Amino acid sequence: MTAAQRALPPGPSLWPALQTLLFWRRLDPFLRACARKHGPTFTLHIFPWGTTVVLSDPDSLRAVLTGSPEVWRAGESYELLAPLIGERSVVVLDGEEHLRVRRKLLAPFHGDMVARYQQLIETIALEEVERWPLSTPISLLERMGAITLEVMLRTVIGAEDPQRLRELRSALAEAVRLKPLVLLMWVYEPLTRIGPWRAYNRRLERARALLRDEIARRRADAAVGERTDVLSALVLENELDDEELLDQLATLLLAGHDTSATALTWTLERLLRYPAALARARSDDLYLDAVVKESLRLRPVLPAITRRAVEPVEIAGYELPAGTTVMPCIRLAHLAGERFPDPYSFRPERFLEGPVESYTWIPFGGGTRRCIGASFAAFQMRTVLRTILQNAELRADRPAAERVANEHITLVPGRGCRAIKLAPRASGRLPGAMPAPARADTGCDMPAVS
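Caption draft 1: Spotlight on a nonpolar patch on the surface. The grouping of Trp15, Leu18 and Leu21 at the surface amounts to a nonpolar patch, some 380 Å² of accessible area in total. Among the secondary structure elements, Leu18 is positioned in helix 1 (residues 16–25).

Caption draft 2: Main features of the packing of helix 8 (residues 140–157) against helix 13 (residues 242–271). Remark: helix 8 packs on helix 13, axes separated minimally by 8 Å, with the N-to-C direction vectors making an angle of 140°. With respect to the hand of their crossing, helix 8 and helix 13 are arranged in right-handed fashion. Within the contact between the two elements, helix 8 uses Leu140, Leu141, Met144, Gly145, Thr148, Leu149, Met152, Leu153, Val156 and Ile157 and helix 13 uses Leu249, Leu252, Leu253, Gly256, His257, Ser260, Ala261, Thr262, Leu264, Thr265 and Leu268. Among the residues making up the contact of helix 8 with helix 13, the classes are represented as 14 nonpolar, seven polar and no charged.

Caption draft 3: Representation of the nonpolar core in the model. One finds Leu140, Met144 and Ile388 to be the most contacted residues of the largest nonpolar core, which totals 111 residues. If you tally residues by element for this core, the top one is helix 13, at twelve residues. If we skip the residues at most four places from it in the chain, Ile388 touches Val129, Trp132, Met144, Ile147, Leu268 and Leu394.

Caption draft 4: Structural detail: helix 12 (residues 230–237). What helix 12 keeps buried is the set Val230, Leu231, Ser232, Leu234 and Val235. Near the N-terminus of helix 12, the side chain that reaches the backbone nitrogen of Leu231, with its oxygen 3.4 Å away, is that of Asp229. Trailing helix 12 by a residue or two, Asn238 shows a phi angle of about 55°, which is positive.

Cut-offs and rules
Residues numbered from 1 in each chain as written. Predicted model: local features only at pLDDT ≥ 70, side-chain atom pairs only at ≥ 80, totals over all residues. Heavy atoms only, no water. Patch = residues over 30% accessible without salt bridge, like charges linked within 9 Å, V, L, I, M, F, W, Y side chains within 5 Å. Areas by Shrake-Rupley, 256 points an atom, 1.4 Å probe, with all protein chains shown as cover. Salt bridge = Lys/Arg side-chain N within 4 Å of Asp/Glu carboxyl O. Helix = DSSP H or I, 4+ residues; strand = E, 2+ residues; numbered from the N terminus. Axes fitted to C-alpha atoms, helices over the stretch in contact; angles between N-to-C directions. Left-handed = near helix turned anticlockwise from the far one by under 90°. Contact = heavy atoms within 4.5 Å. Nonpolar A, V, L, I, M, F, W, Y, C, P; charged D, E, K, R; others polar. Core = buried A, V, L, I, M, F, W, Y, C linked by side-chain atoms within 4.5 Å. Buried < 20%, exposed > 50% of the residue type's maximum accessible area, 1.4 Å probe, protein only. Polar contact = N/O pair within 3.5 Å; in protein donor to acceptor, adjacent residues only side chain to side chain.

Shown next, in the form of structure tokens:
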């Protein structure tokens, strides 16, 4: 027995129902308020996980994310997502089964394999930019979603037929439109048979039916070995049955498209308010890479990940009982001033000054469950951003930074990042371009929670 405290870490004394409401509706300011009052480790009581210990110091993050998967169960804490991505998705699996499926999915996302998609991604991004109207505000969140969905359809599914692409675009776009009301049916099953929940399930099943058909087409394709898409690579392996393959495709398409679109949008939102950084990113690929890393630090798409302890464990000086959910918090880890000085400032240069300490920058998680598509996502971000910056002059529609809002499990720009495409594209600073902010953007804030 160690000297660890038996009691749970301190946390807000608010009723669990109010904590849950704040977590799902005001996630970012709620977490930051709790951290200001209670430090990097605190306890929440929130639905659907119950007692949840939030962690953000590197040692605790490393202990959980690299700890034994037999102790720290991830799939159990994500079972809420099973109706969306499937019961056999790599996200909701644990133990040996998770490792088996993960190994199969990693090969098509190896760095060398990813690079072959560069020209395709550039073409998709350029075609999208050329469709944007001039001098009219657009939602970059919507437009980045169109790009990343097309990239996923072409690289993961390998769809080429125009009619087939239209069907898949429509079905998958509808399947990822998750509103808080829809999420209720995943915790109260009877809702699935009525009203908007029944309608959503019909849309989801349509998307899955189209993916099933793509799997069948690929298995019947005599030339499958000549194709370069992820689905073909997995079919050639022939070690995942159709339902397993369906769940992995749903995971890659629905999760990968949405998160990548949001990450791209946040990066553009930051660049449009820092003209000097934007100008340098156009001509310096190393700096563009640093911009991507700084955007993922300051505006991570996923604020946190979860694990469930299946036996008593010691973490951060506390002895946690079996069944406790822990929440390694990406958002709070990235805002730690002792590791990232002036943490609310957008300063890409910090990633050119040398490597950061391990488990201080974790936008893709860590350990054996680090995001499978991390290399692809980062490569796609750099390629899309470079294409946009070289082919469009953009201006934010207003000087104020967009607030951090939560939409189901992701952090998104509160207004979808509204921007205006200007013409013609000029070198240097355009008349009327936004000046650099006079002070660091601190996002939305709220009083401390007791």
